[in-house]
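Now for the letters of each chain:
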Amino acid sequence: MSDLPVQQFHAPDGAALVWREMGEGRAVVLLHGFFSDAQTNWIKYGHAAAIAARGFRVIMPDLRAHGDSAKPHDAAAYPPDVLAHDALALIAHLGLRDYDLGGYSLGGRTTARMLALGAAPRRVLISGMGYEGLTSTGIRGDFFRNILTNPGSFERGTPEWLAEAFLKTSGGDAKALVNILETFVNMTDADLARIGQPVLVLCGADDFDNGSAAALAQALPRATHVTVPGNHMSAVVKPELGAAIAQFLAA
């Protein structure tokens, strides 16, 4: 999928998960979005390279059920918060103590859950995510469950059709991916208020798929809200996204 070496570790339940990395320096762990993978989200459009150029070791796992990582079909492999626990296991496996952490969409939600579970990065990126996407996860979960369980039934050009088209492009495993929806855990206002790190809430100017990014920034004690061109699908392909992340992390 890329010319970066694929490295493997095992999650606490034994699932074989992979990551890629680029650059040298301070570690930053970046988590991709739903239906995507590290290659598509971070590498393909130059975001990882932009961040690495500012002196960072960019660590990018493929989440469970995505990319080159394990895609079990057994629902028992998807307990609540499993993606957060997987990423915490990677941080422990790599021995990271002083690091930054962030993600896009599903990766942003997973980042927030990692913080609720005790992750202690220096700086935090929550991108492609709004307040409702963290506090009312069932809304987005129902949208994706419909796509994964009713393939081929959507009118061309609708959000469902576009998401299904991306799923086909990425070669996603629908039987594995639908289980991810059962792992979502809602954040409370108290959870958000306890996030004390500087947070970049970064979202496409036309992206409201996960609710209000501005409202999310207001709910966090030390957040900066920045917009880049695009909507939820298109912001990821634009260089402004990687540039904004690199600038925030290097500040």
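It should be noted that the structure appears before, not after, this text.
Model, not experiment: these values are computed from the prediction.

**Student:** What's the story with the packing of aromatic side chains in this structure? I'm lost.
**Tutor:** The description of two aromatic rings rests on the distance between their centres and on the angle between their planes. This structure, assessed with the given rule, holds five aromatic pairs. On the basis of an interplanar angle of 65° and a centroid distance of 6.1 Å, the ring pair of Phe9 and Trp19 is categorised as edge-to-face. In this pair, Phe9 is assigned in strand E1 (residues 7-10) and Trp19 in strand E2 (residues 16-22), connecting sequence segments ten residues apart. With relative accessibility at 5%, the residue Phe9 sits in the buried group. With relative accessibility at 4%, the residue Trp19 sits in the buried group. Plain terms: the ring middles of Phe34 and Phe35 are 4.6 Å apart, the flat faces sit at 35° to each other, and that makes the pair tilted. Residue classification places Phe35 among the buried positions, given a relative accessible area of 3%. Aromatic ring contacts, followed pair by pair, group Phe34, Phe35, Phe143 and Phe144 into a single cluster.

**Student:** Explanation requested: helix H3 (residues 82-94) in the structure shown.
**Tutor:** Every α-helix carries 3.6 residues per turn, so stepping three or four residues along brings you back to the same face. The end-to-end C-alpha separation of H3 is 18 Å, in line with the 18 Å expected for 13 residues at 1.5 Å each. If you check which residues of H3 are buried, you get Val82, Leu83, Ala84, Asp86, Ala87, Ala89, Leu90 and Ile91. Directly beyond the C-terminal end of H3, a positive phi value near 70° is found at Gly95.

**Student:** How do you make sense of the side chain of Arg123 when you look at a structure like this?
**Tutor:** As for its placement among the helices and strands, Arg123 is situated in the loop between helix H4 (106-116) and strand E6 (124-127). One buried charged residue, Arg123, remains without a salt bridge, the closest side chain of opposite sign being Asp100 at 5.7 Å.

**Student:** I'm lost on the pattern of salt bridges in this one. Help?
**Tutor:** Any two side chains of opposite charge can pair, so long as their charged atoms come close to each other. Counted according to the given criterion, the structure contains 13 salt bridges. Residue Arg194 pairs with Asp191 through a salt bridge whose shortest N-O separation is 2.8 Å. Given a relative accessible area of 61%, Arg194 falls into the exposed group. Here the salt bridges share partners, and the residues they tie into one network are Arg26, Asp98, Asp100 and Arg122.

The rules we used
- As a convention, each chain's residues are numbered from 1 in the sequence order in which they are written.
- Local features in this predicted model are restricted to residues whose pLDDT is 70 or higher, and side-chain atom pairs enter the listing and the counts only when it is 80 or higher, whereas totals over whole chains, interfaces and linings include all residues.
- Only hydrogens and water are removed before side-chain values are computed, so all heavy atoms of the structure are retained for them.
- Each Phe, Tyr or Trp ring (for Trp, its six-membered ring) is paired with any other whose centre lies within 6.5 Å, and the angle between the two planes then decides the class: stacked below 30 degrees, edge-to-face above 60, tilted in between.
- In DSSP terms, a helix is any run of H or I states spanning at least four residues, a strand is any run of E spanning at least two, and both are numbered starting from the N terminus.
- Three labels apply to residues, based on accessible area from a 1.4 Å probe with only protein chains included: buried if under 20% of the type maximum, exposed if over 50%, partly exposed otherwise in between.
- One less than the number of residues in a helix, times 1.5 Å, gives the span that helix is expected to have.
- Charge assignment in this entry is limited to Lys and Arg as positive and Asp and Glu as negative, and neither His nor the chain termini are counted.
- The term salt bridge refers to a pairing of a side-chain nitrogen on Lys or Arg with a carboxyl oxygen on Asp or Glu at a separation within 4 Å.

So, to be careful, I would describe these as geometric facts and stop short of saying anything about function.
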